[in-house]
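Fold and contact review
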Amino acid sequence: MENQNGPNRRKFHLSAIYAMWAVMTGALSLPAAIYLLAPPKSKKESGWIEAGDISQLKPNVPEEFVFRRNRLDGWKVTSEKTTAWVIRKGASEVVAFTPQCTHLGCAYSYDEKNKEFLCPCHVSTFGLDGKVLTGPAPRALDRYDVKLAGNKLLLGEVRKGDA
Amino acid sequence: MIPRALNWLEERTGFPSAASHFLNEEIPASAGWHQVFGSIALFCFLVQAFTGVLLAMNYAATPGEAYNSVKYIATELTGGRMIRGLHHWGASTMIVVVVFHMIQTFLWGAYKKPREATWIAGVFLLLLTFGYGLTGYLLPWDNRAYWGTVVATQIAASAPFAGPYLTQLLGGEGGIGVVTFARFYAIHVLILPPATMLLIALHVFLVRRHGVSPAPGDETKPKKKFYPQQVFRDTVAIFIAFVILFTLAVAVRVPLERLADPTDTSYIPRPDWYFLFLFQMLKFFQGPLEIVGSVVLPGLAVFGLMLVPFIDRGAMKRVRQRTLALGVVALAALGWTGLTVAAIRSTPPTPIIDVTEMTGPESWQMLSPDELAGVGHYRKEACASCHVGDKKLGPELSTVQKRSKEWLIEHFKNPNVMRPGTIMPPIHLTTAQMSSRAAFLLKLNPDNAKAMEAAPQATVEGAMIYQANNCGVCHQVNGVGMKTGPSLNGVAQRRTREWLEEHFVNPQKVSPGTTMPAYKFSSRDMDRILTYLLSIP
């Protein structure tokens, strides 16, 4: 009978079983991994967003700009409120920082007395140039690309701050 | 290393010896290739569970969102089409396999004493499998899903006594909407899977308790072991089923039709192929007899299946001697095939619209109506004759963003005031047209200049008509405009060209009670505006 058919046949059965299951596991898990890990195909909106008017800005005094932008979130475009800390450096030079601390993403605020940005979570502080002064923050504040159209401030992509 | 780890595991859990006990089950000498279907069915269930969980990771279970998220899975995610294909075709494969499993058991008479309970658990598993098909059909929320489910819930509603309660339970009172959707989703992912797992556990437990059904003559032969030979057969069978499923998922695209539209009277609903025979049977029972086809006969069929082991209680016979069983199967197969073929032949062929085949929006499709109309004014005024090309007379426009809109408009009106000495002629347009042209110029940058040129002229003219008629006062496109009327994004997936045209001519007729005024466009303008509307992503 079949089960008396020597070790060779048994060996063949075993390797065939392992091989087929390996192929099927691979054929299922590979697409699954790609599906979960690969970013969506649509490229991100790289347009410039109007954030506000800079004509009232005093030099070297940060101001929080609040504006709306559309964000592609999976299958939805959501319009969300966003902020930026904007500092006027000169007649045509403006810097805009993203509103999150580079440590763990808390919202920081401007400490007028010490002329620095202060994150309430773990007391990271940043200078007006965005550089880390104290605390656990690993890198300087992230900035938006900026562009001026007259007095209008246009914000573009976010650049990571220097470590 | 491995033996030590196994030893450790054995002492703590006993799993290795349990697995070995499971694999070394004794099976009758006659066991062979005909008994592989149960294993394939189990494998199919696991594939469905796996791909189902993956789909749920990118799925929003409310009507409109469901559609968008399925579209997102199919078009935006790498491998998304594959996973959806596996789940879709996996459902069909599972039905086929489960039915084959049942036919095999039936032909061999494997349900006989003491295996009646195993058979009945199997009948319930078959019903659960159909339950997945029924509830899962609605979840993409396209026209096919919507209309197929309308028919299914109407059938449930016609059931004697239970009808109204079933309708209430399925949330179908007053039509299919969010409640029905939530119920179907909950049944599909929260009720059916645990129920299936419990029943599979019971089913397998009973198979093990009574052993694999022997054939006459087995009692005199020595028993075999399940492992490795029968496991090898099961694996080969599973592998073949998997290759078929995988090929279907890769090669046959699963369409996603237009968004479910309860007002679409032209849509011909049809169920998935495995329910077509029921669908067809309904045509033979009309008027008061309808419940015979929709409820009574299917109910009797299920009841009859349950009773099979109690009707056929004779001693085990070889398959070839079971002529009656063979006859029943042949008759059922013939009936099923006949009904299915008749159903396919009697449904008029309709083109299947697949929105996943449509490509993603081009850059120009993302422009606001104002900006796109600006492209039109730009072309009409032949701006390119000075501002584009090698011998440029005017400055490069794609860097114009440093100007403000107001500056540009002033510049169009009085070029010499804004830039003394310029050769740019003043442009005579209305302020709105100026403003839209300025809006377009501000959007222009070196990266997208080419893409803007790709905007088809008919579409651009449509946008100009849109702008000239102030459609934006009520409608929104790409986030620009008011929201008094519906947003026009995705209107191509909701409406046909004919519908839209009719809607312009006679809004009250197509959507009674609307505040939309009628528009009498020339046929050329009508064509342009429709082309534009249907191009909005």
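Our structure is the block above this text.
Cut-off values and rules
- Residues numbered from 1 in each chain as written.
- Chains lettered and ligands numbered in written order.
- Predicted model: local features only at pLDDT ≥ 70, side-chain atom pairs only at ≥ 80, totals over all residues.
- Heavy atoms only, no water.
- Contact = heavy atoms within 4.5 Å.
- Buried area = accessible area lost by both parts, 1.4 Å probe.
- Polar contact = N/O pair within 3.5 Å; in protein donor to acceptor, adjacent residues only side chain to side chain.
- Helix = DSSP H or I, 4+ residues; strand = E, 2+ residues; numbered from the N terminus.
- Nonpolar A, V, L, I, M, F, W, Y, C, P; charged D, E, K, R; others polar.
- Disulfide = S-S within 2.5 Å.
- Buried < 20%, exposed > 50% of the residue type's maximum accessible area, 1.4 Å probe, protein only.
- Salt bridge = Lys/Arg side-chain N within 4 Å of Asp/Glu carboxyl O.
- Core = buried A, V, L, I, M, F, W, Y, C linked by side-chain atoms within 4.5 Å.
- Expected span 1.5 Å × (residues − 1).

A short note on the interface of chain B and chain A
Contacts between the two partners involve 42 residues from chain B, matched on the other side by 35 residues from chain A. Summed over both sides, the interface between chain B and chain A buries roughly 3500 Å², with carbon and sulfur atoms accounting for 68% of that surface. Ranking the residues of chain B by area buried against chain A places B:Glu76, B:Thr78 and B:Phe232 at the top, with a combined share of 16%. Inspection of the region where chain B meets chain A yields six residue pairs in polar contact (both at pLDDT 80 or more). Of all the elements in the fold, those that place two or more residues in the side of chain B that touches chain A are helix H3 (37-56), helix H4 (63-75), helix H5 (80-108), strand E2 (224-225) and helix H10 (226-251) of chain B. Considering every element that reaches the side of chain B that touches chain A, the biggest residue donor is H10(B), with 12 residues. Grouping the constituent residues of the side of chain B that touches chain A by class yields 23 nonpolar, 10 polar and nine charged.

A look at the state of the cysteines
Using the criterion set out here, one finds one disulfide over all chains in the structure. Here A:Cys106 pairs with A:Cys121 through a disulfide, and the sulfurs are 1.9 Å apart. Its S-S torsion of about -95° marks the bond between A:Cys106 and A:Cys121 as left-handed, since a negative value means left-handed. With A:Cys106 in the loop between strand E4 (94-97) and strand E5 (109-111) and A:Cys121 in the loop between strand E6 (116-118) and strand E7 (125-126), this residue pair connects regions lying 15 residues apart in the sequence. Accessibility expressed as a relative area gives 36% for A:Cys121, which makes it partly exposed. Residue A:Cys119 stays outside any disulfide, its sulfur separated by 3.8 Å from that of A:Cys101, the closest cysteine. In this structure B:Cys471 is not part of a disulfide, and its nearest cysteine sulfur, from B:Cys474, lies 8.8 Å away. Overall, B:Cys471 belongs to the buried group, its relative accessible area being 13%.

Some thoughts on the pattern of salt bridges
Enumeration over the complete set of coordinates arrives at 15 salt bridges over all chains. The salt bridge partner of A:Lys131 is A:Asp129, with a shortest N-O separation of 4.0 Å. Ionic pairing is found between B:Arg322 and B:Asp312, a salt bridge with its closest N-O pair at 3.2 Å. Residue B:Arg322 is located in the loop between helix H12 (290-311) and helix H13 (323-346), and its partner B:Asp312 is located in the loop between H12 and H13; the two are separated by 10 residues in the primary sequence. Each member of the salt-bridge network shares a partner with another, and the members are B:Glu461, B:Arg497, B:Arg524, B:Asp527 and B:Arg528.

Topic: the nonpolar core
B:Ile40, B:Phe43, B:Leu86, B:Phe106, B:Trp119 and B:Phe242 are the most contacted members of the largest nonpolar core, which totals 42 residues. Taken together, the elements giving at least two residues each to this core come down to helix H1 (7-37) of chain A together with H3, H5, helix H6 (116-136), helix H9 (178-210), H10, H12 and H13 of chain B. Per-element accounting of this core gives the leading share, nine residues, to H5(B). With near-sequence residues (within four places) excluded, B:Phe106 lies in contact with B:Tyr111, B:Trp119, B:Val308, B:Arg322, B:Ala325, B:Val328 and B:Val329. Core analysis: the next-biggest nonpolar cluster, separate from the first, contains 39 residues, B:Leu372, B:Leu408, B:Met464 and B:Leu533 among them.

Concerning helix H20 (residues 457-468) of chain B
Residue and element names in this part refer to chain B. For H20, spanning 12 residues, the distance from its first C-alpha to its last is 16 Å, which sits close to the expected 16 Å at 1.5 Å a residue. Burial of H20 is extensive: nine of the 12 residues sit out of reach of the surface. Taken residue by residue, H20 has Thr-459, Val-460, Glu-461, Gly-462, Ala-463, Met-464, Ile-465, Tyr-466 and Gln-467 as its buried positions. With its phi angle positive at about 55°, Asn-470 sits one or two positions after the end of H20.

Quick word on unusual backbone geometry
In this model, B:Lys113 is joined to B:Pro114 through a cis peptide bond whose omega is 5°. Even without glycine at this site, A:Val123 takes up a positive phi of about 55°. Note on placement: A:Val123 falls in the loop between E6 and E7. Not every positive phi belongs to a glycine, and B:Phe161 is a case in point at roughly 60°. Tracing the backbone shows B:Phe161 in the loop between helix H7 (143-157) and helix H8 (163-169). When its relative accessible area of 80% is taken as the criterion, B:Phe161 is described as exposed.

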